[in-house]
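Report on the structure
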Amino acid sequence: MMLSSLRYSGSETTTAPLDESERILKKYQKFSELIILHQRKNLHKRALDMLLKQAMKPDSALKGHERTVQYLQHLGREHLSLIFEFSTWVLKVNPEDGLKIFTEDLPEVEGLPRERVLAYLQQNGQDLIIPYLEHVVHEWKDKTVHLHNTLVHHYRQRVQALMADYKDSLPEGQEALAAGREPGDLGELHRKLIALLETSTHYLPQAVLVHFPFDAFFEERAILLGRLGRHEQALAIYTYVICDLAKAELYCERNYDRTKDADRDVFLTMFRILVSPPDASMIGVMVAQLPQPEANPSAALTLLRKHANKLDTLKALQLLPLTTPICEIYQFLEKVLQEKTSRKRRGQVMRSLLYSEHLQVEELMMSHQAHKIVITEENMCAVCKKKIGNSAFARYPTGLIVHYFCCKDVPISLAYS
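Let me sum up the structure you'll find in this document. (Residues numbered from 1 in each chain as written. Predicted model: local features only at pLDDT ≥ 70, side-chain atom pairs only at ≥ 80, totals over all residues. Heavy atoms only, no water.)

1. Details of the overall build of the protein
Counting its secondary structure elements, the protein contains 21 helices and 2 strands. Partitioning the intrachain contacts of the protein with sequence separation of at least 6 by distance along the chain shows that 52% fall at a separation of at least 24. For the protein, the computed accessible surface area is about 25200 Å², with 54% contributed by carbon and sulfur atoms. (Helix = DSSP H or I, 4+ residues; strand = E, 2+ residues; numbered from the N terminus. Contact = heavy atoms within 4.5 Å. Areas by Shrake-Rupley, 256 points an atom, 1.4 Å probe, with all protein chains shown as cover.)

Below, the structure is given as structure tokens:
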């Protein structure tokens, strides 16, 4: 009865003096009611102190951390220091529930300053930084550059630590699996890192690239180099370090843009790398015993046939060895000629259509210019009933003539019917 009364009445109608109310509630061990009283009076620190004391008592109805989590979730950014102060013990006893103080889908929680929450977690919950930033970036769609950069850094650090343990566990002579295919948490985090680098547009590639080592994270380095427009290095990594032509081709498809100078020749760059491989030192990675890349004319010709309309034909032919048989490039040339013929026909059709439209517009203009409007002393404005004289005037399709100043007052029924 006392609990429902407090909830209904609120602080503005509580008539009993606060100290007396506290004494009575404590005497009868009505701690839930006492917390509500403190909450109504905005005495949040007292309420949270009480919750902390009761949470540690095994026989208390308020034992555990759940009520503290709920209380903190509804405080809002104006009580951020209190949230940080009383979140610490919750994070220690149950990190997963403690994280909900900062990630629950409530307006008060979503409105907390995220940079300050991140700084707090860096001091009090390092293991919660990644799940917190994942929620902020993926669920709340936050576009803050610093938060995206930080998530990339923490993914990298975690993957780097797990990778060292994974390689140590491999039997002698066994190669590590490709990025993202490793077992357990390592593979999952590696996939998340690659996906974030590929999809996010809110991190600074030049800022995060400098933290990636030269002897690992080759796929990640290729993605970042691509973001910086360094396609030749990126494709060289895919082709000769990772040795995955499918990913190199996918990279080209993802970065190709006919309208941008820096991206329109990305397929041509891959073709050139396959026909005339770069020096190993140009690739920009440190790999033990990386052999000098060798030309792969077969893959180059396959790329030529598949993406003929995305390569500069003349430049591609100039890159081919003089000994290349015509039969090897027949399909490419046929496809290019078909595309150019089709484009020429489309251009001719478009030119004809535009010329026809031009003639129609000229005919319409001549038709309008053929009309004469003679203004005499007898012409009267249909609105103000005064003579038109030498004043500016407007003529409607119905033949109605009015002063230009009066035309806004002409009823539509008279002007167009």
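Once the structure has been displayed, the description carries forward.
2. Overview of the nonpolar core
Counting 93 residues, the largest nonpolar core has F102, L121, F271 and L304 as the members making the most contacts within it. Setting aside its immediate chain neighbours within four residues, F271 contacts A300, L303, L304, L311, A316, L319 and L320. Ranked by size, the runner-up nonpolar core spans 8 residues in total, among them C381, A394, Y396 and V402. (Core = buried A, V, L, I, M, F, W, Y, C linked by side-chain atoms within 4.5 Å. Buried < 20%, exposed > 50% of the residue type's maximum accessible area, 1.4 Å probe, protein only.)

3. What about the packing of helix 6 (residues 80-93) against helix 9 (residues 114-124)?
It is at 11 Å that the axes of helix 6 and helix 9 come closest, and there the two elements cross at 35°. Judged by the twist between their axes, the crossing of helix 6 over helix 9 is right-handed. Residues L80, F84, S87, T88 and L91 of helix 6 lie in contact with helix 9, whose contacting residues are R116, V117, Y120, L121 and N124. (Axes fitted to C-alpha atoms, helices over the stretch in contact; angles between N-to-C directions. Left-handed = near helix turned anticlockwise from the far one by under 90°.)

4. Let's talk about the pattern of salt bridges
In total, this model carries 11 salt bridges according to the counting rule given. Note that D97 is salt-bridged to K100, the shortest N-O span being 3.5 Å. With D97 and K100 both in helix 7 (residues 95-103) and 3 residues apart, this pair spans about one turn of that helix. Judged by relative accessible area, which is 18%, D97 ranks as buried. A relative accessible area of 35% places K100 in the partly exposed class. Here E188 ties to K192 by a salt bridge, and the two come within 3.6 Å at their closest N and O atoms. Pair noted here: E188 and K192 are both in helix 12 (residues 184-199), with a separation of 4 residues, about one helical turn. Exposure remark for E188: the relative accessible area of 37% places this residue in the partly exposed category. Several salt bridges share partner residues, and in doing so they unite K45, D49 and E85 into one network. (Salt bridge = Lys/Arg side-chain N within 4 Å of Asp/Glu carboxyl O.)

5. A word on unusual backbone geometry
One non-glycine residue, K141, lies in the positive phi region at around 55°. Secondary-structure assignment places K141 in the loop between helix 10 (129-139) and helix 11 (145-169). A positive phi angle, near 60°, is found at C243, a position not held by glycine. Mapped onto the fold, C243 is located in the loop between helix 15 (231-241) and helix 16 (245-255).

6. Examining helix 14 (residues 218-227)
Within an α-helix, residues lying three or four positions from one another point in the same direction, as the helix has 3.6 residues per turn. With respect to burial, helix 14 is a largely interior element, 8 of its 10 residues being buried. Buried residues along helix 14 sit against helix 12, helix 13 (205-209), helix 15 and helix 16. Once helix 14 finishes, G229 follows within two positions and takes phi at roughly 80°, a positive value.

7. What about a negative patch on the surface?
The grouping of E104, D105, E110 and E139 at the surface amounts to a negative patch. You can see D105 is positioned in the loop between helix 7 and helix 8 (107-110). (Patch = residues over 30% accessible without salt bridge, like charges linked within 9 Å, V, L, I, M, F, W, Y side chains within 5 Å. Lys, Arg positive; Asp, Glu negative; His and termini not counted. Charge placed at Lys NZ, Arg CZ, Asp CG, Glu CD.)

8. Considerations on the side chain of S200
With respect to the helices, strands and loops of the structure, S200 is situated in the loop between helix 12 and helix 13. Reaching out from S200, the side chain makes a polar contact with the backbone nitrogen of H202 at a distance of 3.1 Å. Beyond its immediate stretch of four places on either side in the chain, S200 contacts H148, A195 and R227. (Polar contact = N/O pair within 3.5 Å; in protein donor to acceptor, adjacent residues only side chain to side chain.)

9. Description of a nonpolar patch on the surface
Together, V349, M350, L353 and L354 make up an exposed nonpolar region whose accessible area comes to about 390 Å². Here V349 lies in helix 20 (residues 326-369).

10. A closer look at the packing of aromatic side chains
Each aromatic ring pair is summarised here by two numbers: the centre-to-centre distance and the angle between the ring planes. Summed over the entire model, instances satisfying the criterion amount to 6 aromatic pairs. Their ring planes at 50° and their centres at 5.6 Å tell us that Y238 and Y251 sit as a pair that is tilted. Here Y251 lies in helix 16 and Y238 lies in helix 15, a separation of 13 residues in the sequence. You can call Y251 buried: its relative accessible area is 1%. Chaining the aromatic ring pairs together yields one cluster made of F84, F102 and Y120. Over the ring of F212 we find R156; its NZ or CZ atom is 5.9 Å from the centre of that ring. One cation-aromatic arrangement involves K408 over F405; the distance from NZ or CZ to the ring centre is 3.8 Å. (Phe/Tyr/Trp six-rings, centres within 6.5 Å; stacked < 30°, edge-to-face > 60°. Lys NZ or Arg CZ within 6 Å of the ring centre and 35° of its normal.)

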